[in-house]
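# Notes for the structure review
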Amino acid sequence: MNVDRLPATRVRLLDPYGQAMIPVPYRVVHRHEETADTVTVRLEPVGDGLDAWAPGQFTMVYAFGVGEIPISISGGSGPVIQHTVRAVGAVSRAICDAPVGSILGLRGPFGRGWPDRPPEGDVIVLAGGIGLAPLRPVILAGLREPGRLSVLIGARTPADLIFTAEYDQWRAAGARVLVTVDRADATWTGHVGVVTTLLSQVPVAPSGTTRPAPTGYICGPEIMMRLGADALVAAGVPPHRIWVSLERTMHCGIALCGHCQLGPILVCRDGPVVDAGNAARLLQHREL
Amino acid sequence: MIPSDTAQGLAHRPWAVFFVCPDRRGSEGSIGRGRPALRIALVIDDADRDRPNGVKIMSALLRSLEPLVTTLRAEGCTVVGPRERDGAIVLDAIDSAAQLPSGWGVQTGPGVYRLRRRADRAVFGHSAGPQAWKRFLHPPRERLWSADRGVDGTLTITGPDEEPPRYAFLGVRACDLRAIAIQDRVLGASPSYAARRRAAFLVAVNCTEPSATCFCVSAGAGPDVEAVETRPDRAPADWALADLALTELAEPGDAEPLYVATALSPAGGRILARLPQTPAPPDVVAAARAAVGAATDHMGRSLPDVDLREMLAASLDSPHWADVAARCLTCANCTMVCPTCFCTSVTDTTDLSGDHAERWQTWASCFEVDFSYLHGGSVRTSARSRYRQWLTHKLGTWRDQFGESGCVGCGRCIAWCPAGIDITAEVRALTSQGAER
């Protein structure tokens, strides 16, 4: 059939992703074991890299021959992308085990990340376990304005805390960094309790006062995000200024495969970051 | 040979009949659901696309589909049409119009699909079969890429480089045409889908015989192709989905049915112009119109006339889901036969050397427990939640995600449900329960 006979003008189909289905090779240039099951890898593109990413976005990380999973970006600069991965399945284990010099594939960056912090007001970051990873770029950006940022970190045990080497750097840069664990061990002298119990140590400007309203960023297990959002609201943070990062299984990252549906949203396209009001409406229904 | 300026070419042929459609956008409401077909615009050239008024249409009478099949094959297309096989009407490649299911009709109901002999020789006298056109545009299994690892650990990943197949679909009913439009919106960003879709030539057919499980009219468009082509939610640029539209007129005793053919696109106009034909006499056009109009009134089922998106969003915790779950086998048949269900999973494999890997995409279903698997377990483990996901997505949240409903009313999910679960009945039950609350 000659090209000019094709009904090419009939339907205008979008093709914005082009090669978005094909992983781009990245080399592991640095590897750090955060905990017994969590590893941070820094990845450098072998050839052309991905487009610039924003805090809260994710990439699909491919371990050769094993599979591919969505992983939030925990940092990086220039062409380097950093991921922090907890080994919970075959693919995440393969990524955690990837030695320096080995090659992983990346697609992305995908999804809606954290909205920029407003020009004024306190910024409260609430992180549970590996949920600190996607919040790390928010924290680093917030350090540029000393005094506004509070980082509340919770983990199951002291051995499950990640990025521990950076807490003092963040404090030195002017952030309030508070840490708690659910279960202490013999070495732990800090706070014990769920992460929301730290909120009492953070002064939040109540709504109705002349001080600008605070903003909250939350990531952690679903139950922690729900209770965390409630606690922030109770502490005076307006619900529309609380952001959470959702998690669902994903096979494509670009709204084609259907796996990440959560009611009306596709988490890969409309999330992973959504406002707490929307999240609460969706998460109130079991097994949605 | 067709002149490049088809408008001129057609205008100078004595057999070409032109009507003028005053305002395609229907300021007088002349074109809409429930109106008979065949007042369909022919895009003569790109200039006509911008012309709001006075778009020409043309109807021709074809006495056989054989020249159409031959012409499309000569154009390099793989012609796919309905065929009778294994007690069902399936979609498969054909070399000749003689392979079409002449004289076969179907009888359908909840959990029921049976072929039956017709009194006439109609080839499109059956409603939707177990397969939809998605199996060609969005194949059940597709290799997305292959990767090779070199001795130094470098990774070379290659995407598919084959030419997309050039299909000509013969006999796309209105419901299925709308399903293709819906998948265009969902999957248009997939390069491989877009390539197959762009290359496909679509011969649509106005449905003259809906079955007991059909409800395209209440689902939003049909049984005429025009109702699909002119749906208000379609962007003007999308405006010809199909290339040709046919209406089949079959009488008992006739050796072969007659076909009133209308071109919908420039490519359709060029193909139609090459077929042996006569002008469609007004009485034949009227008969065709009446046959499709009668079909509108013979829908076996209907969806309740409420805002389904709102109703379903308010019914997420309804006890009725448990009632359906007691019957649903979560077998996923409904999602496999559904012409719009698009979900896929990918599987990564390696060969025995360990240095060659491939990624395969396969159809998936929200009825699989693993479909929502997240580390630690699945989100939707109960049958109740998986049926709810399917139905609320199809009729409700599809609108949130893609701006339109995901149901075209083809009735396949009703006929092919082994438990005979009827989507229209379940929606009706949810609606009346919601009204009581």
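These notes cover the structure that comes with them. (Residues numbered from 1 in each chain as written. Chains lettered and ligands numbered in written order. Predicted model: local features only at pLDDT ≥ 70, side-chain atom pairs only at ≥ 80, totals over all residues. Heavy atoms only, no water.)

### Concerning the overall build of chain A
- Scanning chain A for helices and strands turns up 6 helices and 15 strands.
- Expressed as a percentage of contacts within chain A between residues at least 6 apart in sequence, the contacts between residues at least 24 apart total 68%.
- Of the roughly 11900 Å² of accessible surface on chain A, a fraction of 53% belongs to carbon and sulfur atoms. (Helix = DSSP H or I, 4+ residues; strand = E, 2+ residues; numbered from the N terminus. Contact = heavy atoms within 4.5 Å. Areas by Shrake-Rupley, 256 points an atom, 1.4 Å probe, with all protein chains shown as cover.)

### Examining the interface of chain A and chain B
- At the interface, 47 residues of chain A touch 76 residues of chain B.
- Here chain A and chain B share an interface that buries about 5300 Å² over both sides, 55% of which is from carbon and sulfur atoms.
- On the surface where chain A and chain B come into contact, there are 1 salt bridge.
- Scanning the region where chain A abuts chain B turns up 21 residue pairs in polar contact (both at pLDDT 80 or more).
- Of all the elements in the fold, those that place two or more residues in the side of chain A that touches chain B are β4 (67-75), β6 (103-110) and β14 (265-266) of chain A.
- Per-class residue counts for the side of chain A that touches chain B are 24 nonpolar, 11 polar and 12 charged. (Buried area = accessible area lost by both parts, 1.4 Å probe. Salt bridge = Lys/Arg side-chain N within 4 Å of Asp/Glu carboxyl O. Polar contact = N/O pair within 3.5 Å; in protein donor to acceptor, adjacent residues only side chain to side chain. Nonpolar A, V, L, I, M, F, W, Y, C, P; charged D, E, K, R; others polar.)

### Considerations on the packing of helix α2 (residues 132-142) of chain A against helix α3 (residues 164-172) of chain A
Residue and element names in this part refer to chain A.
- Interaxial distance between α2 and α3 falls to 12 Å at its minimum, and their mutual angle equals 25°. For the element pair α2 / α3, the angle class is roughly parallel. In the crossing of α2 with α3, the sense of the turn from one axis to the other is left-handed. Residues Leu132, Arg136, Ile139 and Leu140 of α2 pack against Glu166, Tyr167 and Trp170 of α3. (Axes fitted to C-alpha atoms, helices over the stretch in contact; angles between N-to-C directions. Parallel < 35°, antiparallel > 145°, perpendicular 65-115°, else oblique. Left-handed = near helix turned anticlockwise from the far one by under 90°.)

### Topic: the packing of aromatic side chains
- In this structure the tally under the stated criterion is 18 aromatic pairs over all chains.
- Where Tyr167 of chain A meets Trp170 of chain A, the ring centres are 5.7 Å apart and the plane angle is 45°; that geometry is what we call tilted. Taken together, the positions of Tyr167 of chain A and Trp170 of chain A, both in helix α3 and 3 residues apart, correspond to about one turn of that helix.
- For Tyr167 of chain A, a relative accessible area of 5% translates into the label buried.
- An aromatic cluster of at least three residues, connected via ring pairs, comprises Trp133, Phe136, Tyr167 and Phe169 of chain B. (Phe/Tyr/Trp six-rings, centres within 6.5 Å; stacked < 30°, edge-to-face > 60°. Buried < 20%, exposed > 50% of the residue type's maximum accessible area, 1.4 Å probe, protein only.)

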